[in-house]
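Descriptive analysis of the structure
Chain residues, written in single-letter form:
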Amino acid sequence: MVGDPADGYGTIFYTKDGGQHWNRQADSLTVPNTSLLGVQDVDKYNVWIVGDMANGYATILRTTNGGLTWHRIDNYQGVLDNELLGFYTVNSEEVWAVGINNTIIHTIDG
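In this report, we go over the structure that sits alongside the text.

The rules behind these values
Residues numbered from 1 in each chain as written. Predicted model: local features only at pLDDT ≥ 70, side-chain atom pairs only at ≥ 80, totals over all residues. Heavy atoms only, no water. Helix = DSSP H or I, 4+ residues; strand = E, 2+ residues; numbered from the N terminus. Rg over C-alpha atoms; globule rule 2.2 N^0.38 Å. Buried < 20%, exposed > 50% of the residue type's maximum accessible area, 1.4 Å probe, protein only. Areas by Shrake-Rupley, 256 points an atom, 1.4 Å probe, with all protein chains shown as cover. Lys, Arg positive; Asp, Glu negative; His and termini not counted. Charge placed at Lys NZ, Arg CZ, Asp CG, Glu CD. Pairing = 2+ DSSP bridges. Contact = heavy atoms within 4.5 Å. Salt bridge = Lys/Arg side-chain N within 4 Å of Asp/Glu carboxyl O.

1. So, the overall build of the chain
Looking only at helices and strands, the chain has zero helices and ten strands in total. When its helices and strands are written in sequence order, the chain yields β-β-β-β-β-β-β-β-β-β. Here the C-alpha radius of gyration of the chain, 13 Å, is about what a compact globule of 110 residues would show, namely 13 Å. Each of the three principal axes of the chain carries a C-alpha extent, and together these read 40 × 30 × 20 Å. By residue count, 40% of the 110 residues in the chain fall in the buried class. For the chain, the exposed surface amounts to about 6300 Å²; the carbon and sulfur share of it is 49%. The distance from the centre of the 5 positive side-chain charges to the centre of the 13 negative ones in the chain is 8 Å.

See below:
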């Protein structure tokens, strides 16, 4: 589950028991202070998140270890300066994302 920022960074929660207990992931060093709008898992290790702009470009986060660490996809890798609203993961490497102003981006290499 993802959402608006709290304590200086976007909110990421996960559960291991069907929603009875929730734990927050990440920190302000790895997740920007912006709203996170969509989350999709490929499997229990590979998860993608999209959200509002932060530091001049759209927020795309990825984990490959079940959320132990999160990596923000940087703007030099082709991320546009638009808010991303949703996405579809084909597998852990191929992702389509959509956003405002008819934005559509695609990666086949994660």
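2. Some thoughts on unusual backbone geometry
A positive phi angle is found at D7, which is not glycine, with a value near 60 degrees. Structurally, D7 is set in the loop between strand 1 (2-6) and strand 2 (9-14). For D7, a relative accessible area of 69% puts it in the exposed group. Although it is not a glycine, N55 sits at a positive phi angle of roughly 60 degrees. Positionally, N55 belongs in the loop between strand 5 (47-54) and strand 6 (57-63). Using a relative accessible area of 69% as the deciding quantity, one classes N55 as exposed.

3. What about the sheet that holds strand 1?
Strand order in the open sheet formed by three strands is 1-2-3, with antiparallel pairing between adjacent strands. If you trace the sheet from one side to the other, it starts and ends with strand 1 and strand 3 (23-24), each paired once.

4. Comments concerning the environment of S92
Take S92: it is sitting in the loop between strand 8 (84-89) and strand 9 (95-99). Contacts of S92, omitting those with residues within four sequence positions, involve V42, N46, W48 and R62.

5. What to know about the pattern of salt bridges
Across all of its chains, the model carries two salt bridges by this definition. Among the ionic pairs, D7 bridges to R24, the shortest N-O distance being 3.6 Å. With D7 in the loop between strand 1 and strand 2 and R24 in strand 3, this pair connects stretches of sequence that are 17 residues apart.

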